[in-house]
Every structure is written in structure tokens, then in C-alpha cells.
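# Coordinate analysis (summary)
Next come the chains, spelled out residue by residue.
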Amino acid sequence: MSGASLPFLDMAVARRDLGLGTFIRPHRYFEWAQFAHEQLAGADSVPDPKLLWVYARHTARWHKPAGPISRVRFRTWLVAAKSPSAIREFSADDAETGARLFDGQARSVALDRETMRPATFQLAVQVTHDGQPQRLIEEATVPEATEPLGSFVQHVEADDLDFNQHVNNATYLRWATNALHRLQWDPTGPLQPLPFISGCEIRYLRSLQMGASLRIDIRAVPQPGATRWALDFVDVSDGRLAAAVTVVADEASGAE
């Protein structure tokens, strides 16, 4: 980690934070990171009150804990970037043992609060489908791809929104893990836990609001020693890509 280190912030782990096993649900780390930034960074993360800083991309790596966790200790860094964007790095440890649980990085961009457009630059992101890179600027269309393993419809509800009334960034990871559970669900047997989620990358391409409907397309991406899924979140109203999520599960890490 680099940049200006901010103080630690402890998070208590509740039952609702856990998955089917004893491990913390992946999207909770993102929600805690957002809360930590709000509590620790304060006004320093928004130098111009006319601008609104939003996340454009998240990458994260999870480290499997040795046992149940009761408290998580977060530390965040604010890293100055050469472009008019800011990089936020964050990590989480077991507050009892100090063992590393989570490392992440987020790139944020500045939007004009009145126009909700990038303040001084265009937000450009790079995604890859079936090995073919697609350069997407601000909005994206769904590229041609192989048939998905499964597709599910997700409706945006009140609990999915942040204080700006847009879908919270952490919600996409919650939707992704829920969709993967649905993909492997056997209606004749008990629900089986997913393998331990060891990493993810999320690219946010456009904001969604209450009442929107998404189609979640899931594809498997071969990777030695791990299982990788690519999930496209497509706005059913116009067929455009709203977010692209890649989730990695280490085959040797056990279940979550």
C-alpha cells in the first residue's frame, strides 16, 4: 500500500454478514470499505463541493481466514493519481489476530453534481469478452459472446440503492454471488455453498435507479487451479451493459 494512511476502523461482524458457512459474505467488505472511507476520509476525499466522487472500478483479493471472525479492522489509503481520478486502497485484518483478510483497490472519478457527467475527462474502461478486448466509453453495448451458462433477471429494489438513489456498488457483488448460488442450485437437494471467493473485479459502466431491471448473464472462464466466472449485468430496457463482474474461486480453498 502507498499514499497517506488513515486510522484503523473496527467493524463488528453480525450473523447477517456471514454466508452459508462461517465466512464473511464478499460484498460486505465493499460496504464496510465505503463506510470506512466516509468515516475516515471525510471532506478530504471531496476537494470541490461541486463535484461528486463515484467509484468506477473495484478490484479485490480475499485471504481465507483460519476460523470464524468476530471483528474486522479496516485501514484505508488515499492515493493521488496523475489523472483527475483518485485511487483508494484498503485492507482488512482480523482484529483479534491481525491476520490479513482482504485487500482492495478502487478508482473513483469526479462527476459534476448538476450534470452528473465526468467533470474534466471521459470515463473509459477496458473489458474483455472471450479474449477479445472491447473499449467502452461511458456507455456500452453487449458484445457478441458464447451462450451463457445461465441468465437471471434482477429487479432493482429500495435496499439496493445508496444515498444518491443509485444502485450501490457493493450490490453488484451481492447479486453476482446470489446468481452463482442460483446457477448451481438443485431443487431436489440442499443448497450447497460456493467455493471460497478469492478475488473479484467489478467495472461500473452506468448508474441504475429504482425500478430498473437487469439480465445477469453468467459465463465460465477456464483458469488452471481456480474457477472464474464472468457476469454481465445488462439493462433490459436498452440492452446496454451496466456493469461487468469477474469472480474467482480457488478450487483448493474449500467452501464459503
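One structure accompanies this document, and this report is about it. Residue positions are counted from 1 within each chain, in the order its sequence is given. Confidence filtering applies because this is a predicted model: local features only for residues at pLDDT of at least 70, side-chain atom pairs given and counted only at 80 or more, and all residues used for totals across whole chains, interfaces and linings. With hydrogens and water excluded, all non-hydrogen atoms of the structure serve as input to the side-chain values.

Time to look at the pattern of salt bridges. Here, a salt bridge means any side-chain nitrogen of Lys or Arg that lies within 4 Å of a carboxyl oxygen of Asp or Glu. Counted by the stated rule, this structure contains 14 salt bridges. The residue Arg71 makes a salt bridge to Glu96 at a minimum N-O spacing of 3.3 Å. Taken together, the positions of Arg71 in strand E4 (residues 71-80) and Glu96 in the loop between strand E5 (85-94) and strand E6 (100-112) put the pair 25 residues apart, joining distant regions of the chain. Here's how the labels work: a residue is buried when its accessible area is under 20% of the maximum for its type, exposed when over 50%, partly exposed in between, all with a 1.4 Å probe on protein chains only. On the basis of relative accessibility, which here comes to 53%, the residue Glu96 falls in the exposed class. With its nearest N and O atoms 3.4 Å apart, the salt bridge here joins Asp232 to Arg219. One end of the pair, Asp232, is in strand E12 (residues 226-235); the other, Arg219, is in strand E11 (residues 213-223), with 13 residues separating them in the sequence. Secondary structure follows DSSP: runs of H or I at least 4 residues long count as helices, runs of E at least 2 residues long count as strands, and numbering of each begins at the N terminus.

With that out of the way, let us pick up the nonpolar core. Most often, soluble globular proteins keep nonpolar side chains buried together rather than apart. In this structure, Tyr29, Trp62, Val72, Phe74, Tyr172, Leu231 and Phe233 are the most contacted members of the largest nonpolar core, which totals 51 residues. It is helix H2 (residues 169-183) that contributes the most residues to this core, seven residues altogether. The contact criterion used throughout is that any non-hydrogen atoms of two residues lie within 4.5 Å. Not counting the four nearest positions on each side in its chain, Leu231 is found in contact with Ala176, Ala179, Ile216, Asp217, Ile218, Ala243, Ala244, Val245 and Val247. Here the nonpolar core consists of buried residues drawn from Ala, Val, Leu, Ile, Met, Phe, Trp, Tyr and Cys, with membership extended through side-chain atoms lying within 4.5 Å.

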